[in-house]
Structure formats: structure tokens, C-alpha cells
Amino acid sequence: MKVYQGHSASPGLVMGQVSRLERWHENFATGPFNAEREQRLLENAVRTAQRELDGMADRSGPTEQAIFLFQSMMLEDEGFMNEVKFQIKAGISAAEAMYRVGNRYAEQLAAMEDNAYMQLRSADILDAARRVVNVLTNRPRVWLALDHPVILAAEMLMPSDLFSVPAGMILGLITSEGNKQSHAAIIARAMHIPGVVQVGREFLNDCDGRTVVLDANNGECILDPDANTRQQAVSRICELQRESEEAARISALPNRTKDDVPFELLANCYGQEDIESALQAGASGVGLLRSGYMMLPGRPVDEQEQFVFYQSCIAAAKGGVVTVRTFDFGVDRAMADIHRGLESSKLGLRGIRSSLRQTHQFETQICALLRAAAHGPLRVMFPMVTNLEDWDEAMRLVAHCRQLLRERGEEFDPNTPFGVMFGVPSACLTAEEFVEHGCNFFVIETNDLTQYTHAVDRDISIAERYYRPASHAMKKLIRMVVEAAREGGIPVTICGSAVGNPANTLQYLQLGLRSFSVSPQNLIEVKKALMNAKIK
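These numbers were taken from a predicted model, which means no experiment stands behind them.

(A) Structural detail: the sheet that holds strand β10 (residues 286–290). Within the closed barrel, the eight strands sit side by side as β9-β10-β11-β12-β13-β14-β15-β16. Their pairing is parallel. Each strand axis lies, on average, 25° off the axis of its neighbour in the sheet, ignoring direction. With four bridges joining them, strand β13 (residues 418–422) and strand β14 (residues 441–445) adopt parallel strand pairing. Looking at the pairing, Val420 lines up with Phe442 of β14. In the packing of helix α12 (residues 359–372) onto the sheet, the strands contacted are β11 (322–325), β12 (378–382) and β13, and the crossing angle to β12 comes to about 155°.

Structure, rendered in C-alpha cells:
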């Protein structure tokens with residue numbers, strides 16, 4: 001028996017036989033090649049790969065669907081494909097050209113340490129490129145023919161790997177490398193498949209066909225477990241099943257306090273990947289979708305790509321509302337290479353301030369959001385609003401976007417709700433004025449509001465004692481916003497990390513709040529606390 005320590009990528013505990021996934025070793029011919037013929041082969045292979053990716057998207061859930069659609073769109077990217085064509089003209093085969101360019105792009109994105117989102121996309125580009133290479137070299141795109149469920153092991157797993165194995169045949173996943181935020185890991189979480197990454201090369205060298213206890217809750221792989229370890233694993237698996245059933249029971253209960261006052265539970269999400277798990281944990285919708293994490297550094301995502309992203313989030317929410325925060329660069333560090341330094345600091349050019357300075361980018365996002373809103377309940381909120389001037393200027397641009405879409409003949413929802421995200425005290429002090437100027441809903445964001453109220457950076461530990469999200473000052477500001485919403489007849493939600501702490505949530509409940517947006521992992525505990533509470 002030997003224990004290998006890695007990092008949890010998808011929680012769970014399973015025991016089973018390991019099946020190692022082997023990759024093809026590339027060995028391309030040296031030519032000479034006819035460039036025109038290779039170009040035709042490339043075009044045909046790309047079409048075949050896109051059909052396969054679109055087919056996988058059609059039979060998958062929203063989480064997986066968006067990933068495969070991104071891969072398919074990547075094969076239409078003009079810059080990427082022009083580079084492949086250039087390599088072919090230089091005298092190499094279409095397969096080798098695609099392999100080289102795909103690897104180079106993937107390596108560049110993987111090296112972006114300040115941009116976790118793009119690091120995720122590196123695997124998608126590699127996955128899509130390898131699919132085209134496999135089409136060109138007539139290789140099968142189904143890796144394993146299994147007659148019983150196994151724990152899949154590999155150096156690194158691609159999103160399509162999980163769809164290249166018959167349904168229900170994957171007990172768990174183990175990789176020697178990889179990242180717990182990779183899209184393969186995200187899909188594993190969506191499919192409730194336990195997974196551990198970064199266990200090291202030694203595990204892979206001699207694991208095929210052997211039994212392993214995969215404890216993905218603690219990031220452990222126990223190879224060749226003894227009888228006692230096996231028995232403990234079986235007992236713990238049964239215990240986790242009971243806990244899961246209890247969480248499902250609580251999730252299904254009505255959202256009402258002990259004295260029968262209804263409340264709403266929403267989730268803070270990054271994309272369609274975690275919306276599904278949030279709904280399973282009891283969320284009725286998305287109270288905060290951080291749109292900045294889907295931006296590409298140096299290449300702002302175009303309207304169609306954004307539309308697909310938002311549409312996939314709406315589909316994942318299954319009829320629940322999706323509340324999108326417009327880009328908040330300086331907090332979402334997704335475009336760190338575009339917005340650097342003091343201008344994008346916490347007190348600088350971020351949130352709606354940045355959007356109003358870069359109107360083309362803002363209008364592109366608004367057009368995509370308005371189009372997506374025609375496919376399900378979606379509302380939009382502006383972060384870092386300081387005064388009415390910010391709101392009025394933003395809404396003038398929204399009106400312009402509505403007109404643009406009408407002229408283009410696009411389907412969109414002209415009645416999409418727009419709201420203010422209250423993270424600045426000056427906005428809280430004048431909350432009623434936003435209602436008068438047509439604001440449809442309020443969202444109180446405790447992270448920013450706490451640090452701006454108490455003049456404290458929440459990331460600096462030495463000032464932690466000043467960071468008090470339920471202080472008397474905070475309560476006064478929150479009460480002002482709640483009262484303005486009540487008098488104006490519009491809904492108000494509170495979100496932020498503090499709301500995930502039941503002790504704070506109960507205090508916000510007493511201030512008049514009835515809608516709470518928290519991280520998916522906090523939903524059950526917050527719901528239990530609210531169900532046991534009484535309104536004073």
C-alpha cells in the first residue's frame with residue numbers, strides 16, 4: 001500500500017480499478033508536401049472536428065456545452081488559423097502545422113499566471129488542435145472501450161476525454177499534472193466525478209489495472225489499499241452518501257424562516273460551470289455572475305462569443321434569474337495585461353468608471369446581454385456606481401444599444417432589468433434617487449462597501465480588525481438602501497463573502513433583507529440558519 005498526495009479537483013470518495021489513458025506520440029512525416037492539398041485537408045479536418053465538437057455540445061449539459069462551443073469557435077479564429085496556413089505554406093504538413101500552432105498558443109496562455117481564466121483556455125486550445133490532428137492522421141477519437149467502471153489516470157485530461165469514454169464508466173479521475181481549475185476538473189465537478197490532480201509522475205508509471213482508493217476530499221490516492229483501508233473507505237462512502245441525502249433534503253425544503261417569512265437564496269457564480277452545482281445546492285438563480293472572468297487578455301471577446309457565454313449561463317440556470325455584473329476590471333483581474341497600475345486599483349478606474357471610459361467595449365457587452373435576455377430571465381447591474389451621473393450615462397449607452405439592435409434586426413429583450421450594485425457609500429446615501437431615475441433593482445455588495453466605509457483594504461491582514469461587514473455604520477447604510485428599495489417598490493439583494501457567514505446573514509435578515517446571494521458551498525449552512533431564524 002502506498003499513499004500519493006495531490007490536490008482535490010472534484011470532491012468525493014471512490015474505490016476501483018485504475019485504467020491509464022495513453023496519448024499518441026507525434027511523429028510527423030518530413031514531406032515534401034503540396035501546400036494547396038494540405039490546405040484542403042486542413043479545411044476538411046476542421047469541419048469534421050467542428051461537427052464532432054458540436055455533436056458533443058448537443059448531447060451535454062450547459063457546463064460542458066459552453067466549453068465545446070468555445071473549442072469549435074477557436075477553430076474559426078482568424079489569427080489562429082492564419083498562422084496554421086502560414087506554416088503549411090512554409091512546407092510542413094497540415095497535421096504538423098496544427099500541432100505546432102496549437103501547442104504554441106496553449107503554452108502562451110498557460111504561462112499567464114495573472115490570468116486564471118486564460119490558463120483554463122490553454123487546455124481547450126490544445127484539445128481542439130489535437131482533435132484536428134487526429135482527424136488528419138485518421139486516428140480514433142474514442143480512447144477506451146471499457147466493460148466496467150474505472151478510475152481514469154493520465155498526465156493531464158482534456159475536456160473531450162471525459163466524453164470519449166462511454167457514459168457511466170468513469171468512477172474517478174487522477175492526473176499527475178493538471179490544475180484543479182481546469183475545464184476537465186470543472187466538467188468532473190458538474191458530472192459529480194471525484195478527481196485529484198498533481199499526484200506526480202511516479203503514480204502513473206505503475207498504476208494501470210491496480211486498485212486505488214481515491215479520496216478526492218483530501219487529495220489522496222491510496223494505491224493497493226490493505227483490507228483495513230478498504231473497509232474504512234467503504235464505511236466512509238456510505239457516510240458521505242447519507243450526508244449528501246441530508247443536504248438534498250434541506251435543499252428541497254421551502255425557503256421560509258421559523259415564523260414563516262419567505263426568503264430567496266441566490267448564488268455567486270463565475271459561469272455556467274458552477275451554476276448547475278449551485279442549483280443542486282438549493283439556489284433559485286444567480287445573484288452575481290462575474291462576467292469579467294470570460295475576457296481574453298489583449299483580445300476583448302466579441303459580441304457573439306459573449307452572447308454564447310451568457311446564453312449558456314441562462315440555460316444552466318433552468319429558468320432562474322441570472323444577474324450579470326458588467327465588467328469590473330481591477331477586481332476581476334481577467335484583463336490584467338490591459339488594465340494595470342494605479343488606474344485600475346480599488347480606488348481608481350474600475351467598474352462602471354472603466355466601462356464609461358471604454359464605451360465600445362461596454363456597448364459590445366450590453367448588446368450581447370440584451371440579446372441573451374431574449375432567451376431567459378437575465379438582469380444587469382453596474383458595479384462601482386458612485387452617483388447619478390454614472391447611472392444616467394450608463395443608461396444612455398444602454399438606450400443606444402437598444403437602437404443599434406433594432407437597426408440590425410436582432411432579437412433582444414428591450415425590457416431587460418438594469419440595476420445598481422451598491423459598493424460605494426455615496427451611492428447608498430442617495431439610493432432613493434436611483435429609483436427615481438428608473439433603476440429596476442438594487443444589489444448590496446458587502447466586500448466593497450465594507451472596505452470603502454471603514455477605509456480598509458480587505459486583502460491586508462494587519463488591518464483586519466477594521467474590516468467589519470456587520471458594523472453599526474454598515475447596518476445604517478444597508479438599511480438606507482433597503483428602505484429606498486421598499487419605498488420604490490423594487491427588489492433588493494445582498495451579496496458578498498460576508499453573506500456566506502450565517503452570523504452576518506441573520507443580522508442582514510433583521511435589517512429587512514429577504515434575498516441573499518452566497519457562494520454555492522455556503523448555501524446549505526445559510527439556508528439552515530435562516531430556516532431556524534425568527535424576524536424580531
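Structure shown, so let's carry the discussion forward.
(B) Region of the structure containing the sheet that holds strand β7 (residues 211–215). Ordered in space as β1-β8-β7-β3-β4-β5-β6-β2, the eight strands form an open sheet in which the pairing is mixed. The sheet is open, and its two edges are formed by β1 (2–5) and β2 (7–10), each paired on a single side. On average, each strand axis in the sheet is inclined to that of its neighbour by 30°, with strand direction left out of account. Here strand β3 (residues 13–20) runs beside strand β4 (residues 150–154); their pairing, made up of three bridges, is parallel. Across the sheet, residue Ser19 finds its bridge partner in β4, namely Leu152.

(C) Focus on the packing of aromatic side chains. According to the stated counting rule, one finds nine aromatic pairs in the structure shown. Summarising the aromatic geometry, the rings of Tyr4 and Phe203 are spaced 5.2 Å apart at their centres and angled 80° between planes, so their arrangement reads as edge-to-face. Taken as a pair, Tyr4 in strand β1 and Phe203 in helix α7 (residues 201–205) lie far apart in primary sequence, 199 residues in all. Looking at Phe203, the relative accessible area reads 0%, which means it is buried. An angle of 70° between the planes, with centres 5.5 Å apart, marks the rings of Phe309 and Tyr310 as edge-to-face. Each member of the pair, Phe309 as well as Tyr310, is classed as buried. Joined through ring pairs, the aromatic side chains of Phe362, Phe382, Trp391 and Phe418 make up one cluster. The ring centre of Phe441 lies 4.3 Å from the NZ or CZ of Arg379, which sits over that ring.

(D) Broad picture of unusual backbone geometry. Located in the positive-phi region is Gln198, a residue other than glycine, with phi close to 60°. For Gln198, the position within the fold is in the loop between β6 (195–197) and α7. Residue classification places Gln198 among the partly exposed positions, given a relative accessible area of 37%. Residues other than glycine seldom take positive phi values, yet Asp224 does so here, at roughly 55°. Classification of Asp224 as partly exposed rests on a relative accessible area of 32%.

(E) Highlighting the packing of α12 against helix α13 (residues 388–408). The interhelical angle for the contact between α12 and α13, taken along N-to-C directions, is 60°, at an axis separation of 9 Å. Taken together, α12 and α13 sit at an angle that is classed as oblique. The hand of the α12/α13 crossing is right-handed. Taking contact as the criterion, the partners of Thr359, Phe362, Glu363, Ile366, Cys367, Leu370 and Arg371 in α12 are, on α13, Ala394, Leu397, Val398, His400, Cys401, Arg402, Leu405 and Arg408.

(F) Molecular detail of the pattern of salt bridges. Following the criterion strictly, the structure yields 20 salt bridges and no others. Where Glu52 meets Arg131, a salt bridge forms, and the shortest distance between an N and an O atom there is 2.6 Å. Taken together, the positions of Glu52 in helix α1 (residues 35–58) and Arg131 in helix α5 (residues 116–136) put the pair 79 residues apart, joining distant regions of the chain. Notably, a salt bridge pairs Glu483 with Arg486, separated by 2.4 Å at the nearest N-O pair. Highlighted residues: Glu483 and Arg486, both in helix α17 (residues 472–488), separated by three residues, approximately one helical turn. Residue classification places Glu483 among the partly exposed positions, given a relative accessible area of 32%.

(G) View of the pairing of strand β8 (residues 220–223). Pairing of β1 with β8, which is carried by four bridges, proceeds in the antiparallel orientation. By the bridge assignment for β8, Tyr4 is matched with Cys221. Alignment of β7 against β8, held across four bridges, turns out to be antiparallel. Residue Asp215 lies in a different strand from β8, and its bridge partner there is Glu220.

Calculation criteria
Residues numbered from 1 in each chain as written. Predicted model: local features only at pLDDT ≥ 70, side-chain atom pairs only at ≥ 80, totals over all residues. Heavy atoms only, no water. Pairing = 2+ DSSP bridges. Helix = DSSP H or I, 4+ residues; strand = E, 2+ residues; numbered from the N terminus. Axes fitted to C-alpha atoms, helices over the stretch in contact; angles between N-to-C directions. Contact = heavy atoms within 4.5 Å. Phe/Tyr/Trp six-rings, centres within 6.5 Å; stacked < 30°, edge-to-face > 60°. Buried < 20%, exposed > 50% of the residue type's maximum accessible area, 1.4 Å probe, protein only. Lys NZ or Arg CZ within 6 Å of the ring centre and 35° of its normal. Parallel < 35°, antiparallel > 145°, perpendicular 65-115°, else oblique. Left-handed = near helix turned anticlockwise from the far one by under 90°. Salt bridge = Lys/Arg side-chain N within 4 Å of Asp/Glu carboxyl O.

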